[in-house]
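# Breakdown of the fold
Spelled out from the first residue to the last, the chains are:
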Amino acid sequence: QASRLLELPYSSFDDDDDDDDDGHSLPAAEQEPGVWYPKVSPFGHCVRYLAFLWNLLFLLLGLLILAVGVWGLLAKSPLPGAERGVPLGSDPMLLFVLAGLAASAVSLAGCLGTFRASPCLLRFFLGALLAFGGLEVLGGLLLLLARRRLREGLRDLLLLCLLRYQEDPDLQFLVDEVQRSLQCCGLESYRDWESNLYFNCSAPGAQACGVPASCCQDPLENGSVPNAQCGFGVLGLGAAAAGAVVHPGGCGAALGSWLRGQAGAIATAAATLVLVEAVGAL
C-alpha cells in the first residue's frame, strides 16, 4: 500500500504531461529550460487571426490613401527650373500623405505585434489608437463649443478658395463641385468672383468680368458638351440679366444649410470611426 501511494502522484503527473503534449504546447526540443509556455486555446488563435486580418485591412487602406496623396503631389510637381504654384504646406494632398502614413504605421505595428506577439508593438498600437480616439472626441467637443468660430473659419476658407482658384487644380475641382452641387456662386453672391485677379473686370484676358462655368444654371446650354465660356462677361451684366445665366446666391449660406442637414450623418460616421478604433484596440 505504501508503494501504491507513492506511485499515485507520479502517475497523475505523467497523465497531465501526456495531455499537454497532445495540446498546443511547444515540443520539448523547442522549449527553453526554466520558461513557462502558456497553452493557447483555439479561441485565442481565432482572436489572434482576426486581429491580424483587421489590422492588415487598415494597413492596405492606409497605403492606398498614401499612394493617392503622393500621386497628387507628384502630378502637380513643377517642371525643372519652374516655381511651384502652391506651397507644399498648404497643398490639400499633404493631408492624404500624413493620414496615410499615420494609418499605415499604426496598422503595421498592430499586424507585427499580433503576428509576433510583441508586447512593445502592441502597447504602441494601443496607445496610438487611444490617442486618435481622444483627439477625435476632443475635436467633436470643440466643434460643438466653437460653432460660431467654425462658421467664420469656413467663410475665410471659402474666400481663400475664390482667391486661389486658378493656382491649385485640386482646389479648383473642389470649388466647382460645391458650386455645381449646391447651385450657388461665390461666397455671398456671384459678384464675389470680382475679387479674383483673373476674373476681375480690370484684368487682361478672356476671363475678365466672368465667373467659372460651374456657376452657370445650364452649362450644357441644351447641348451635350459643357460650355466652359458660359460665365464670361457675367460680372458686366445687370442683376436680372446675370441671374438668368448663373446662380445668384452665394455658397456660404448654402454650405452652412447643407452641413446642418447632414449633422446626423456626420455624427454617425464619427461614432462609427471611434467604434472601429475601439474594436481594433480590444
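Residues numbered from 1 in each chain as written. Predicted model: local features only at pLDDT ≥ 70, side-chain atom pairs only at ≥ 80, totals over all residues. Heavy atoms only, no water.

Summing up its helical and strand segments, the chain has nine helices and zero strands in all. Counted from the first residue to the last, the chain has its helices and strands arranged as α-α-α-α-α-α-α-α-α. Looking at the chain as a whole, 23% of its 282 residues are labelled buried. (Helix = DSSP H or I, 4+ residues; strand = E, 2+ residues; numbered from the N terminus. Buried < 20%, exposed > 50% of the residue type's maximum accessible area, 1.4 Å probe, protein only.)

Within this numbering scheme, the UniProt entry marks residues 52-74, 94-115 and 121-145 as carrying the feature "transmembrane region" (unreviewed entry). Across residues 52-74, helical content stands at 100% and strand content at 0%; the span's end C-alpha atoms are separated by 32 Å. Secondary structure content for residues 121-145 is 100% helix and 0% strand, while the C-alpha to C-alpha distance between its ends is 36 Å. (UniProt positions renumbered as here; feature names shortened; annotations may be inferred.)

The subject of this paragraph is the pattern of salt bridges. Scanning all chains against the criterion turns up four salt bridges. Where Glu 177 meets Arg 180, a salt bridge forms, and the shortest distance between an N and an O atom there is 3.2 Å. Linking Glu 177 with Arg 180, this pair stays in helix α6 (residues 169-182), spanning three residues, or about one helical turn. In this structure, Arg 191 engages Glu 194 in a salt bridge whose closest nitrogen and oxygen atoms are separated by 3.7 Å. According to the relative accessible area criterion, Arg 191 is partly exposed, its value standing at 35%. Its relative accessible area of 28% is what places Glu 194 among the partly exposed residues. (Salt bridge = Lys/Arg side-chain N within 4 Å of Asp/Glu carboxyl O.)

Quick look at helix α3 (residues 93-116) now. The terminal C-alpha atoms of α3 lie 34 Å apart, and with 24 residues this matches the ideal 34 Å at 1.5 Å per residue to within 8%. Where α3 is concerned, the buried positions are Met 93, Val 97, Gly 100, Ser 104, Val 106, Ser 107, Ala 109, Gly 110, Cys 111, Gly 113 and Thr 114. (Expected span 1.5 Å × (residues − 1).)

Another aspect to go through is the side chain of Asn 196. Mapped onto the elements, Asn 196 comes out in the loop between α6 and α7 (239-243). Residue Asn 196 is classed as buried on the basis of its relative accessible area of 0%. The residues touching Asn 196, leaving out its near neighbours within four places in the chain, are Leu 162, Leu 163, Tyr 165 and Gln 166. (Contact = heavy atoms within 4.5 Å.)

Here we come to the packing of aromatic side chains. Within the structure shown, the criterion is met by three aromatic pairs. Taking 6.2 Å as the distance between ring centres and 50° as the angle between the ring planes, the aromatic pair formed by Tyr 165 and Phe 199 counts as tilted. Placement of the pair is Tyr 165 in the loop between α5 (147-163) and α6 and Phe 199 in the loop between α6 and α7, with a sequence separation of 34 residues. Comparing Tyr 165 with Phe 199 shows no difference in burial state: the two are buried. On the basis of an interplanar angle of 80° and a centroid distance of 5.5 Å, the ring pair of Trp 193 and Phe 199 is categorised as edge-to-face. We note that Trp 193, like Phe 199, is buried. Among the aromatic residues, those joined into a ring-pair cluster are Tyr 165, Trp 193 and Phe 199. (Phe/Tyr/Trp six-rings, centres within 6.5 Å; stacked < 30°, edge-to-face > 60°.)

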